[in-house]
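A closer look at the structure
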Amino acid sequence: MKLELGKIKINDIKFADKTEVKDHVLYVNKEEVEKLVLEDDKLIGCHLEIAHPGESTRITPVKDVIEPRVKVSGGEIFPGVIGKVTPPVGTGRTHALDGMTVVTVGRIVGFQEGVIDMSGVAADYCPFSKTVNLCVVIEPAEGLETHVYEKAGRMAGLKVAAYLGETARNLEPDTLETYETKPIFEQAAEYPDLPKVGYIHMLQSQGLLHDTYYYGVDAKNFVPTFMYPTEIMDGAIVSGNCVAPCDKVTTYHHFHNPVIEDCYKHHGKDINFMGVILTNENVFLADKERHSDMVAKLAEYMGLDGVLITEEGYGNPDTDLMMNCKKVEQKGIKVVLITDEFPGKDGKSQSLADTCDEATALASCGQGNMTLQFPAMDKVIGTQDYIESQIGGWAGCVNPDGSFEAEIQIIIASTIANGFNKLAARGY
Amino acid sequence: MVKGIEKYGLPVVHMATVVPISLTIGANRIIPGVGIPYPLGDPTQGEVDSKKIRMRMVKRALKALQTPVDGQTVFEKDDF
Amino acid sequence: MAKYKIVHYLNQFFAGIGGEEMADYKPELREGVVGPGGALAAALGPDYEIVATVICGDNYFGENLDEATDTIIEMVKKYEPDVFVAGPAFNAGRYGVACGTICKAVEERLGIPVLTAEYEENPGTDMFKKDVIIVKTGNSSADMKNAIPTMAKLIKKMATGEEILGPAVEGYHERGIRVNYFAEKRGSERGLEMLIKKMKGEPFETDLPMPKFDRVAPADPIKDIKHATIAVVTSGGVVPQGNPDHIESSNATKFGEYSIAGKDSMSPDEFTTIHGGYDRQFVMANPNLVVPLDVLRELEKAGEFGKLYDSFFTTTGTGTATGSAAKFGDAIGKKLKEDGVDGVILVST
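These notes cover the structure that comes with them. (Residues numbered from 1 in each chain as written. Chains lettered and ligands numbered in written order. Predicted model: local features only at pLDDT ≥ 70, side-chain atom pairs only at ≥ 80, totals over all residues. Heavy atoms only, no water.)

Thoughts on the pairing of strand β18 (residues 272–281) of chain A
Residue and element names in this part refer to chain A. In terms of burial, β18 is largely enclosed, as 10 of its 10 residues are buried. The pairing of strand β13 (residues 196–204) with β18 spans 9 bridges and is classified as parallel. Looking across to β18, one finds that valine 197 is bridged to phenylalanine 273. Relative to β18, strand β16 (residues 225–227) runs antiparallel, the two sharing 3 bridges. Each bridged residue has a counterpart across the sheet, and for threonine 225 the counterpart in β18 is leucine 278. (Buried < 20%, exposed > 50% of the residue type's maximum accessible area, 1.4 Å probe, protein only. Helix = DSSP H or I, 4+ residues; strand = E, 2+ residues; numbered from the N terminus. Pairing = 2+ DSSP bridges.)

If you want it as structure tokens, here you go:
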């Protein structure tokens, strides 16, 4: 399966009468986007705002972040959710608006929605402080049940991203990247002398605000399966979760999965990248046992020599991470874990909720409990009303001027446990 | 928390869904919970049956508290 | 006059008072430098002055922990030093524990930066490396010449507020404190490079050596259940509606104690959950799923056990530091023990 990914660099977003891209600027017809969002009668209000890097702007509570993409060779983006599942996903050609995102913002569903600061100290910890963000601020209908509200917010973001992606259909991309993974025997034969590497991708699947969708299927309802890496670049996986903000693998991050990108960079040089094993992090012990058994079985079946495992979230998913590690290592396959740490504000407690002897190699994505002073911002997109109850905040952490102190776990994707960021932790 | 309490010589029965974490942190008497969103009971089976499950588990917990253990023990069944 | 003042702590042996036979020596304060303080003062240079030295016998300190600590704190306090230094203790066990204890107390009570130096197998190292920076030394005073310059460098950094770098750079025992930094490469790239090395059988360095959790011996079982008092504790975040004590949804810093006296069941009108780590809808509809008050009350009435304790203890387990959880457990255990509780049911989600 081979995918060409064309990227169109976007330097700015402006509102205009017609939605289009001209000279690396995305022009957006506000009314059309708002109308699109309000097609869903669960939402009674919607307005758009633009946030640029370096501005004194805070966006919160953030639900998801999405990059606009379009399938230009047949097929549709976000298969099974927005688009159709056939023709095949992860092959042909896809265009992306690079350097910008769609951010969904609105009253919190739980405690898990996070913060994006466009400048100041917290900006160093957030990938979306460096992109131009079109913020879709939504207002739910009165008395909406939480699961229904979560879905309405999720779909609003995806719809807007797909709508904006259309502008890229007929553009000439600035860069064109090609990714290819062959059927398993061919792929193994292509680089017979290189170690066969796979990626075990653990999807958050713990229920409300902790769900992920694979071709529209709620990840807690599947058993581990195999995937071509390029499928993810066409939106085969979308985020329906907010776990803790720092840990959230946004839909943007699924498009830009760093393990997949880096495995492709090394593919044919020092590794033979064989593909992705998808699994979940369920709330029942029997699921954890069964699915880690199946992950190890798939890794063995694919003839892998080594795997990278990433997790989403912390606490009980650490058990899934360790079970996967242990069982895959017991098959004689080398494992490296990529995850983040939660050792308490003083950094002195245990970083993980669970451990195993086989976890001898771990790449840290930083620790989420360190605190920062978040300065007051000139502009808040959304509302700061919930900061004290959002994960990472605490009662009394907000000052009257709008500045606050919180753990960096309140920042969207600050310690994302798939290795997207350079943040890491070490022992002192 | 389990260890902090047990240090005082009080037996603690840890009713927890994720038994591996319970084992890692060092609980000595462990009863597996039903699921993370509902450790004691199963509301998907209706309130009556859910409560029966809870009753059985709590009885098992009381029994575990009266049972000597040498080291970490998971009480998976009612008979022990 | 020197810019920075240091107070130094020594045991009876290094102060030249005597060996084992003088280990009961009571705390004594001397102006200026004593014993190894001379070498330290020389290494520190003219901007630093060891204004006083506190001397205490190892046995006296160990056997009169609170009193010795209080006395020494008072002695140190009046000099308002910029840094407090103890040792080096090398592999002297009681001396090492005393150095760690007094350093920790000085830092906590006087807010003064502290430093000591010990051999890695000194029991004081394991006991205090999390709380105190302990310079690595050899196992005997023959290593004094190496220990002193390292200590002097760190003392200068502490006095001037200069950033203290990692343990390998500065030469102290790793404290087990996890500190963030921005690496040159992102996590996925570092992970993949580690995997390539691991597959080749080459040496690699993990970012996080797996921690070892400590263990507590199982408590004796309840002998007489018919007269036993049982208490419920939970990490499932069940709290009264409105969360009056503002317990956090994640990484909790406190626990709550709430009365269940006279109640037969956990009513969803009275209780909810604020746990940030699971879908809360079931427990919000029926908090008995986490605090099984309904069945416990029935069993109590049926005489299956003596008495249900009048309140339950609760916090949020998700993302809560093991250090905090240990403190909660200690506080709860202490209270339950005092109140004559015989056994505890602890429910985690």
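Looking at the state of the cysteines
All names here are of chain A. Throughout the structure, instances matching the rule amount to 0 disulfides over all chains. Left unpaired, cysteine 126 is separated from the closest cysteine sulfur, that of cysteine 246, by 11 Å. By relative accessible area, which is 0% here, cysteine 126 ends up buried. Just so you know, cysteine 397 is unpaired, no disulfide at all, and the nearest cysteine sulfur is the one on cysteine 246, 15 Å from it. (Disulfide = S-S within 2.5 Å.)

Comments concerning the interface of chain A and chain B
At the interface, 11 residues of chain A touch 11 residues of chain B. Summed over both partners, the interface of chain A with chain B comes to about 850 Å²; 71% of that surface belongs to carbon and sulfur atoms. Contact with chain B buries area across many residues of chain A, yet Val283, Phe284 and Leu285 of chain A alone supply 50% of it, more than any other trio. Inspection of the chain A/chain B interface yields 0 salt bridges. The interface formed by chain A and chain B includes 2 residue pairs in polar contact (both at pLDDT 80 or more). Broken down by secondary-structure element, the contributors of at least two residues to the side of chain A that touches chain B are α6 (285–301) and α7 (317–330) of chain A. (Contact = heavy atoms within 4.5 Å. Buried area = accessible area lost by both parts, 1.4 Å probe. Salt bridge = Lys/Arg side-chain N within 4 Å of Asp/Glu carboxyl O. Polar contact = N/O pair within 3.5 Å; in protein donor to acceptor, adjacent residues only side chain to side chain.)

A word on the side chain of threonine 94 of chain A
Residue and element names in this part refer to chain A. When you line up the elements, threonine 94 lands in strand β8 (residues 92–98). The exposure class of threonine 94 is buried, given its relative accessible area of 0%. In this view, threonine 94 contacts Leu3, Glu4, Leu5, Gly6, Arg69, Val70, Lys71, Val72, Ile77, Met233 and Asp234; residues no more than four positions away in its chain are not counted.

Comments concerning the interface of chain A and chain C
Listed as interface residues are 74 residues of chain A and, on the opposing side, 59 residues of chain C. It is Lys348, Gln350 and Tyr428 of chain A that lose the most area in chain A upon contact with chain C, and together they represent 16% of the buried surface on that side. At the surface where chain A touches chain C, the tally comes to 5 salt bridges. Between aspartate 262 of chain A and arginine 186 of chain C there is a salt bridge, with the nearest N and O atoms lying 3.2 Å from each other. Here chain A is connected to chain C by 33 residue pairs in polar contact (both at pLDDT 80 or more). In terms of residue count, helix α5 (residues 258–266) of chain A provides more of the side of chain A that touches chain C than any other element does, 7 residues in total. Considered class by class, the residues forming the side of chain A that touches chain C number 33 nonpolar, 25 polar and 16 charged. The pairing of strand β25 (residues 423–427) of chain A with strand β7 (residues 178–182) of chain C spans 5 bridges and is antiparallel. Its bridge partner lying in β7 of chain C, alanine 425 of chain A is registered against asparagine 180 of chain C. (Nonpolar A, V, L, I, M, F, W, Y, C, P; charged D, E, K, R; others polar.)

Concerning the environment of leucine 299 of chain C
For leucine 299 of chain C, the location among the structural elements is in helix α10 (residues 293–301). The exposure class of leucine 299 of chain C is buried, given its relative accessible area of 3%.

Some points on the environment of glutamate 74 of chain C
Looking at the element boundaries, glutamate 74 of chain C is found in helix α3 (residues 65–77). Sequence spacing of glutamate 74 of chain C and proline 27 of chain C is 47 residues, and the spatial spacing of their C-alpha atoms is 11 Å.

Coordinates in, geometry out; function isn't part of it.
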